[in-house]
Amino acid sequence: MKTMVIDTSTQVLLLSFIEDDKIIFQKELVGKNNHSENLIKNIKLALEELHLEVKDFQRIIVGIGPGSYTGLRVSLTVAKTFAWTLDIPLYIVSSLDIIGSGYYQNDGKYLIKTRAKKGYVYCKLVEINNHHYQEIISDCFITENDFLSLVKDGYIIIDETNYRFNPLLLFNLQEVEDLILLEPNYLRGEM
């Protein structure tokens, strides 16, 4: 089975192609509000390099957020368009899990955060124990001070500076039932 994984919720554009249990292409590109210019271009280059077409994929996984408003719209629009026009099943996953996924091969408690605006962060807390994923605190939007109060000894803090992306270790995938109603997880209602 071929799977395309994309996320543009942070300053890093993440793109990966998987065939069965093997990563056959991966790109991580740091951008400055230019994911809309780079996502399709990099998908096209990867497809050409591997002599593939989008219709060759049996599944698409997209980071649903939380994250940058525009960034979320970019990857979700591309994923929904591919899924809709080519009848490819679409799956969503927390963008915070995407940037933490490279750590998930090791047991531990992972406090994952990305920047939001005006002194806020997006974060979640997960525990990996014997390859079992447990979400302790779901995706949330909190002040930086509240985030610091969550930090405990032994927690591994993951952010945009030390992220690790491993699409083979994505847990908690949810298949999208209705593409039309699918919206990004903005988490801005708390402001």
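Just above, that's the structure.
In this text, all values refer to a predicted model and were calculated from it rather than measured experimentally. (Residues numbered from 1 in each chain as written. Predicted model: local features only at pLDDT ≥ 70, side-chain atom pairs only at ≥ 80, totals over all residues. Heavy atoms only, no water.)

(A) Focus on the sheet that holds strand E6 (residues 108–115). Read across the open sheet, the four strands follow the order E8-E7-E6-E9; overall the sheet is mixed. Single-partner strands in this sheet number two, and they are strand E8 (132–143) and strand E9 (156–158). Taking the axes of each pair of neighbouring strands and ignoring which way they run, one obtains an average angle of 20° across the sheet. In terms of strand pairing, E6 meets E9 through three bridges, oriented parallel. Bridge assignment links leucine 111 to a residue of E9, and that residue is isoleucine 157. (Pairing = 2+ DSSP bridges. Helix = DSSP H or I, 4+ residues; strand = E, 2+ residues; numbered from the N terminus. Axes fitted to C-alpha atoms, helices over the stretch in contact; angles between N-to-C directions.)

(B) Summary view of the packing of helix H1 (residues 35–50) against helix H2 (residues 69–86). Remark: H1 packs on H2, axes separated minimally by 9 Å, with the N-to-C direction vectors making an angle of 35°. Remark: the crossing between H1 and H2 carries right-handed chirality. Along its contact with H1, which presents His35, Ser36, Leu39, Ile40 and Ile43, the element H2 presents Val74, Ser75, Val78 and Phe82. Considered class by class, the residues forming the contact of H1 with H2 number six nonpolar, three polar and no charged. (Left-handed = near helix turned anticlockwise from the far one by under 90°. Contact = heavy atoms within 4.5 Å. Nonpolar A, V, L, I, M, F, W, Y, C, P; charged D, E, K, R; others polar.)

(C) Layout of the side chain of serine 94. Take serine 94: it is sitting in the loop between strand E5 (90–93) and helix H3 (95–100). Residue classification places serine 94 among the buried residues on the basis of a relative accessible area of 9%. When near neighbours in sequence (up to four residues on either side) are disregarded, serine 94 contacts Ile64, Gly65, Pro66, Lys124 and Asp139. (Buried < 20%, exposed > 50% of the residue type's maximum accessible area, 1.4 Å probe, protein only.)

(D) Representation of the pairing of strand E2 (residues 12–19) within the structure. Burial of E2 is extensive: seven of the eight residues sit out of reach of the surface. Note that strand E1 (residues 2–7) and E2 share six bridges and pair antiparallel. Directly across from aspartate 7, in E2, lies its bridge partner leucine 14. Between E1 and E2, which follow one another and run antiparallel, lie four residues. Sheet topology note: the E2/strand E3 (residues 22–30) ladder contains eight bridges and is antiparallel. The residue bridging valine 12 from the neighbouring strand is valine 30, located in E3. In this structure, the hairpin formed by E2 and E3 is closed by a connection of two residues, where aspartate 20 is found at a positive phi of approximately 55°.

(E) Looking closely at the layout of surface pockets. There is about 500 Å³ of room inside the largest pocket. Taken together, 23 residues form the lining of the largest pocket, with Ser9, Thr10, Gln11, Asn33 and Ser68 sitting closest to its centre. Going through the elements one at a time, H1, H2 and E6 are the ones with two or more residues in the lining of the largest pocket. Counted by class, the lining of the largest pocket contains four nonpolar, 14 polar and five charged residues. (1 Å grid on protein atoms, 1.4 Å probe; cavity = no way out; pocket = protein on both sides within 12 Å on 5 of 7 lines; lining within 4 Å. Points joined across faces, edges and corners; volume = space filled by probe spheres on them.)

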